[in-house]
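# Report on the structure
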Amino acid sequence: MADPKGFLTTPVLLWERRPVEERVRDWHEVYRPGALLPVISAQAGRCMDCGIPFCHSGCPLGNLIPEWNDYAYRGDWAAASERLHATNNFPEFTGRVCPAPCESACVLAINSDPVTIKNVEVTIADKAWAEGHAPPRPPERLSGRTVAVIGSGPAGLAAAQQLTRAGHTVVVYERDDRLGGLLRYGIPEFKMEKRHINRRVAQMTAEGTKFRTGRDVGRDLDATKLRRRFDAVVVATGATACRELAVPGRELAGIHQAMEFLPLANRVQEGDFGADAVSPIDARGRDVVIVGGGDTGADCLGTVLRQGARSVVQLDINPRPGDDRAPHEPWPVHPKVHRVSPAHEEAGAGVGRGEHGRVFATSTLRFAGDRRVRALHVAEVEPATRTPLPGTDAELPADLVLLALGFDGPELGPLADQLGLEADERGTFLRGEGYETGRDGVFVAGDAGRGQSLVVWAIAEGRSCAAAVDRYLTGETTLHAPVAPVDR
Ligand code: FAD
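Residues numbered from 1 in each chain as written. Predicted model: local features only at pLDDT ≥ 70, side-chain atom pairs only at ≥ 80, totals over all residues. Heavy atoms only, no water.

### Focus on the site of the ligand
Put simply, the test is: When we say a residue is near a molecule or strand, we mean one of its heavy atoms is within 4 Å of it. In protein, a polar contact requires one atom able to donate a hydrogen and another able to accept it; more generally it is a pair of N or O atoms within 3.5 Å, and residues adjacent in sequence count only if both atoms are side-chain atoms. The Shrake-Rupley method, run with a 1.4 Å probe, gives the accessible areas here. Residue values count only the displayed protein chains as cover. The helix count covers DSSP runs of H or I at least four residues long, the strand count covers runs of E at least two residues long, and both are numbered beginning at the N terminus. Polarity classes work like this: nonpolar for Ala, Val, Leu, Ile, Met, Phe, Trp, Tyr, Cys and Pro, charged for Asp, Glu, Lys and Arg, and polar for all others, with Gly in that last group. What marks off one domain from the next here is an automatic or database domain assignment.
The environment of the ligand is made up of 35 residues, and the closest members are V97, E174, K191, D447 and V455. Residue V217 places a main-chain N or O atom 3.0 Å away from a nitrogen atom belonging to the ligand. When the ligand sits alone it has 1,000 Å² of accessible area, and the protein chains cover 96% of it. Counting residues per element, the ones that place at least two in the shell around the ligand are α10 (154–165), α15 (295–307) and α19 (455–474). Residue composition of the shell around the ligand, by class: 16 nonpolar, 11 polar and 8 charged. Viewed by domain, the shell around the ligand spans two of them, domain 2 (146–240 + 408–474) and domain 3 (246–405), each represented by three or more residues.

### Observations concerning the sheet that holds strand β2 (residues 169–173)
Basically, it comes down to this: Strand pairing is assigned whenever DSSP identifies at least 2 bridges connecting the two strands. In this analysis an axis means a line fitted to C-alpha atoms, helices contributing only their contacting stretch, and an angle means the value between N-to-C directions, from 0 to 180 degrees. Contact definition: two residues touch when any of their heavy atoms are within 4.5 Å.
Taken in spatial order, the 5 strands line up as β3-β2-β1-β4-β15 in an open sheet, and their pairing is parallel. Unpaired on one side and paired on the other, β3 (210–212) and β15 (442–444) mark the two borders of the sheet. Between one strand axis and the next, the sheet turns through 20° on average, direction left out of account. Where strand β4 (residues 232–235) meets β15, 3 bridges bridge the pair, whose relative direction is parallel. Along β15, the bridge assignment pairs V235 with V444. Running over the sheet, α10 touches β1 (146–150), β2 and β3 and is turned about 165° from β2.

### What to know about the environment of G446
Within the secondary structure, G446 is located in the loop between β15 and α18 (447–450). In this structure the C-alpha to C-alpha distance between G446 and Q269, which are 177 residues apart in sequence, comes to 26 Å.

Laid out in structure tokens, this is it:
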């Protein structure tokens with residue numbers, strides 16, 4: 001156990017964000033690297049090493065949290081890294097972007113602040129890279145079996161790393177020009193710098209995983225032929241079919257899906273448009289409205305603030321947290337674990353050139369404009385039914401509108417047709433208890449089977465699917481399988 005009285009004697013210390021005025025002028029991560037180091041061992045010492053560690057089950061990966069808290073408390077970073085990597089291929093990703101369900105499950109959260117598990121995780125992971133505790137681990141012998149992984153998001157990468165390390169020859173096919181899926185082109189640089197993905201890809205390449213970018217399976221490559229060439233195929237293509245807003249005026253210029261806007265902003269950071277270039281969809285000097293109050297909307301918010309929007313309003317059809325909740329959300333978020341997104345902190349500080357606001361319980365009626373959007377007509381909604389309330393119509397100025405309304409599921413195109421994949425009632429690819437589909441040797445992992453979710457679930461599914469594939473290929477497996485497809 002870490003410090004037996006740590007939870008009584010050590011006050012919680014959160015990872016300080018860089019000042020708003022500083023961070024909105026650049027694209028670096030909002031947290032200062034290394035700032036946690038002087039305090040993190042004491043913070044890890046707050047762990048009570050509970051008889052039943054609820055944090056294990058709170059984390060989809062089943063992370064061995066009390067064990068690595070203890071090593072971090074003692075300053076044994078090599079052992080902490082070994083325990084952390086035993087259940088998580090990419091803790092530097094989850095340590096940055098995970099909403100940390102483990103902290104909601106921490107027993108200390110009942111009447112105090114939970115252990116800052118995510119901060120301990122990211123410190124162990126960053127120290128592992130800095131001190132050489134994350135070397136490539138190529139397999140000792142090859143199995144002679146081959147696996148194609150389609151999609152290089154966290155699910156595909158985790159499955160590929162597990163299967164490569166188990167001795168199989170793995171080729172990852174990715175339709176984009178770079179690897180990482182939504183980690184690369186969805187999540188903005190200020191939440192997670194892309195160098196973290198590049199470093200993992202280099203590690204995986206050194207272990208023997210092969211990568212083929214710019215290959216849209218189903219279009220550039222026949223998926224049926226791929227299935228014949230490989231002993232097994234893992235489909236990890238994500239759930240990227242965006243929800244639409246079918247209201248009058250949607251066809252006007254200046255209205256974009258968030259996932260048209262965010263990838264371009266990320267490409268600017270990659271240097272694709274040249275030094276000091278602006279994005280082809282840029283918010284500088286514009287009145288922006290973001291439709292959708294979730295994480296994707298928050299990522300759009302942080303991005304338009306950095307681009308220099310004149311004003312920005314974020315619309316959310318849900319009531320303000322704490323106000324009347326919709327019938328399907330009867331419980332409030334525990335105040336100890338509810339955190340304000342850094343982007344909302346930036347908007348609240350009024351950075352940039354104009355007015356920034358967040359409007360709840362509001363729906364979109366129609367867009368107005370002449371070729372290009374000029375305004376958005378909205379109305380307040382009745383919280384339970386979400387129907388517009390008469391007499392509440394208002395007009396918001398808008399010459400850039402970003403739609404962040406969520407995702408319907410995976411794209412059902414030629415890949416699904418060629419592999420004979422079926423969609424379930426939620427629109428995601430149908431699979432069984434072992435991630436298997438109706439097609440022999442074809443498996444589905446991550447958002448493609450689960451629907452738009454979290455990075456931690458994608459990694460957990462990638463690991464579990466790899467165990468299922470290993471068993472399919474060899475008749476047995478020792479690979480870690482933390483979740484079943486039905487787990488939520
Ligand atoms: P994806 O990451 O979607 O990767 C799928 C990959 O498959 C893509 O690279 C795609 O190009 C490729 N592909 C698709 N079809 C083909 C084909 N036919 N041939 C070849 N390649 C193909 N989660 C968090 O935990 N924290 C966050 O802060 C967070 N922020 C988010 C922000 C945004 C804007 C979005 C959209 C999502 C966010 N998420 C976040 C969710 C998280 O990113 C996803 O749940 C996770 O990336 C899913 O991983 P995946 O591997 O299943 O799919």
